[in-house]
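# Working through the structure, step by step
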Amino acid sequence: MDSTPARAPVNRILRSSIVDGPGNRAAVFLQGCNFDCVYCHNPETITLCSSCGTCVPACPAGALSVGESGGILWNRDACTLCDSCLKTCPHNSSPRVRLLSPKEVMAEIEPSIPFIRGITVSGGECTLYPDFLRELGELARERSLSFFLDSNGSYDFAADRGLMEITDSVMLDVKADPENGAEYRRVTGNDGKGILDKAEYLAKTEKLYELRTVVSPGLFDPVAVVEKACRRIVGTGSRYKLIRYRPVGVRQEAAAALAEPDDLLMEKLAGICAGHGIEAVIV
Ligand code: SF4
Ligand code: SF4
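What you see is a predicted model; the values in this text were computed from it and never measured.

Time to look at the site of ligand 2. Taken together, 13 residues sit near ligand 2, with Cys-49, Cys-52, Gly-53, Cys-55 and Cys-89 positioned nearest. For ligand 2, the cavity whose grid points lie within 2 Å of the majority of its atoms is the largest cavity. Each residue belonging to the shell around ligand 2 can be placed in one class, and the counts come to seven nonpolar, six polar and no charged.

Our focus in this paragraph is the site of ligand 1. Within the structure, ligand 1 sits among 13 residues, and Cys-59, Cys-79, Cys-82, Cys-85 and Arg-96 are positioned closest to it. Classifying every residue of the shell around ligand 1 by side-chain character gives nine nonpolar, two polar and two charged.

This next bit is on the UniProt feature "domain: Radical SAM core" (unreviewed entry) in the chain. Under the UniProt annotation, "domain: Radical SAM core" (unreviewed entry) lies at residues 19–279. This span, residues 19–279, is 31% helix and 17% strand, and a straight line between its end C-alpha atoms measures 17 Å.

Counting across every chain of the model gives two cavities of 30 Å³ or more. Within this model, the largest cavity holds a volume of roughly 90 Å³. Forming the walls of the largest cavity are Cys-49, Ser-50, Ser-51, Cys-52, Gly-53, Cys-55, Ile-72, Cys-89, His-91, Ser-93, Ser-94 and Pro-95. Of the residues assigned to the lining of the largest cavity, the class counts are six nonpolar, six polar and no charged. Roughly 80 Å³ of volume is contained in the second largest cavity. Cys-59, Ala-63, Cys-79, Cys-82 and Cys-85 are, among the 13 residues lining the second largest cavity, the residues nearest its centre. When its residues are assigned to classes, the lining of the second largest cavity shows nine nonpolar, two polar and two charged.

Moving on, we get to the sheet that holds strand 9 (residues 208–215). Read from one edge of the open sheet, nine strands run 5-1-2-6-7-8-9-10-11, paired in mixed fashion. The sheet is open, and its two borders are formed by strand 5 (98–100) and strand 11 (280–282), each paired with just one other strand. Ignoring which end each strand starts from, the neighbouring axes of this sheet average 25° apart. Looking at chain direction, strand 7 (residues 146–151) and strand 8 (residues 169–173) are connected through four bridges and run parallel. Bridging across to strand 8, Asp-150 finds its partner in Met-171. Relative to strand 10 (residues 239–244), helix 9 (residues 263–275) is tilted by about 170°, and along the sheet it contacts strand 9, strand 10 and strand 11.

It is worth spelling out the pairing of strand 8 at this point. Most of strand 8 is tucked away: five of the five residues are buried. Of the two faces of strand 8, the one holding Ser-169, Met-171 and Asp-173 and the one holding Val-170 and Leu-172 are both buried throughout. Tracing the backbone out of strand 7, into helix 4 (residues 161–166) and back to the parallel element strand 8 gives a crossover that is right-handed. Sheet analysis places strand 8 next to strand 9, joined by four bridges and oriented parallel. If you follow Asp-173 over to strand 9, its bridge partner there is Arg-212.

Cut-offs and rules
- Residues numbered from 1 in each chain as written.
- Chains lettered and ligands numbered in written order.
- Predicted model: local features only at pLDDT ≥ 70, side-chain atom pairs only at ≥ 80, totals over all residues.
- Heavy atoms only, no water.
- Near = heavy atom within 4 Å.
- 1 Å grid on protein atoms, 1.4 Å probe; cavity = no way out; pocket = protein on both sides within 12 Å on 5 of 7 lines; lining within 4 Å.
- Sits in = over half its atoms within 2 Å of the grid points.
- Nonpolar A, V, L, I, M, F, W, Y, C, P; charged D, E, K, R; others polar.
- UniProt positions renumbered as here; feature names shortened; annotations may be inferred.
- Helix = DSSP H or I, 4+ residues; strand = E, 2+ residues; numbered from the N terminus.
- Points joined across faces, edges and corners; volume = space filled by probe spheres on them.
- Pairing = 2+ DSSP bridges.
- Axes fitted to C-alpha atoms, helices over the stretch in contact; angles between N-to-C directions.
- Contact = heavy atoms within 4.5 Å.
- Buried < 20%, exposed > 50% of the residue type's maximum accessible area, 1.4 Å probe, protein only.
- Right-handed = clockwise from strand over helix to strand, strands pointing away.

This is the structure in structure tokens:
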């Protein structure tokens, strides 16, 4: 039997976070995403590093170098987290990524275990690494920690029993109208096919913690999106997080093109949720 651990590219690990699911949690951010959302707030997590080397001379601390195999070496101790490499990278990537096994991730979380309720794995898109997730979920369960996933909704959760057995809940994005493939593709680079079916599956199996929609007026019709999404999770106890688009961490072209929603629109969306008996959270 192959016992090689399923490693995944880890962008960063937060030992303590109160914004990545219920309670105080450790949050693990994996590198790589199959979406390319116009408003992405962490665009440096989208692409795996191609080792082009562009960022190496841009590092003022000398923390980056090219290894013998041509890969980029990152010296964590020398890094000052100045982000020059992220700003220089032409490929929406980061050289500050480590290929870690689930056990290595748990070892980094270990000091905070007495103070956290669980682990949330985010990205990028964490479901690109299902073997890693299953193993990390097992380790979390051994330590009596809940295990949450933060997903863009592209994964076929129903087809992965092993992952569903080990996952306590999922936070799922609805990023545009999934019944309008062209619109979804314009916003995310992916047609969003079946996302509401997945939301419904997760909700009915009590594995949907919340749906989430980032709202930017003019990007898509948020009223139609929230209405359609609510209909699919009504009566299941899942909640809906309505996220104001803010121009923080986004690419320059997004910051120039996208608008922030006003309170009136956010309250209107919350009212749609309330009309379906669904708790809305505006952030
Ligand atoms: S953040 Fe990037 S550029 Fe800045 S010191 Fe660290 S590796 Fe170098
Ligand atoms: S992080 Fe970006 S700039 Fe640096 S080597 Fe990788 S792809 Fe090139």
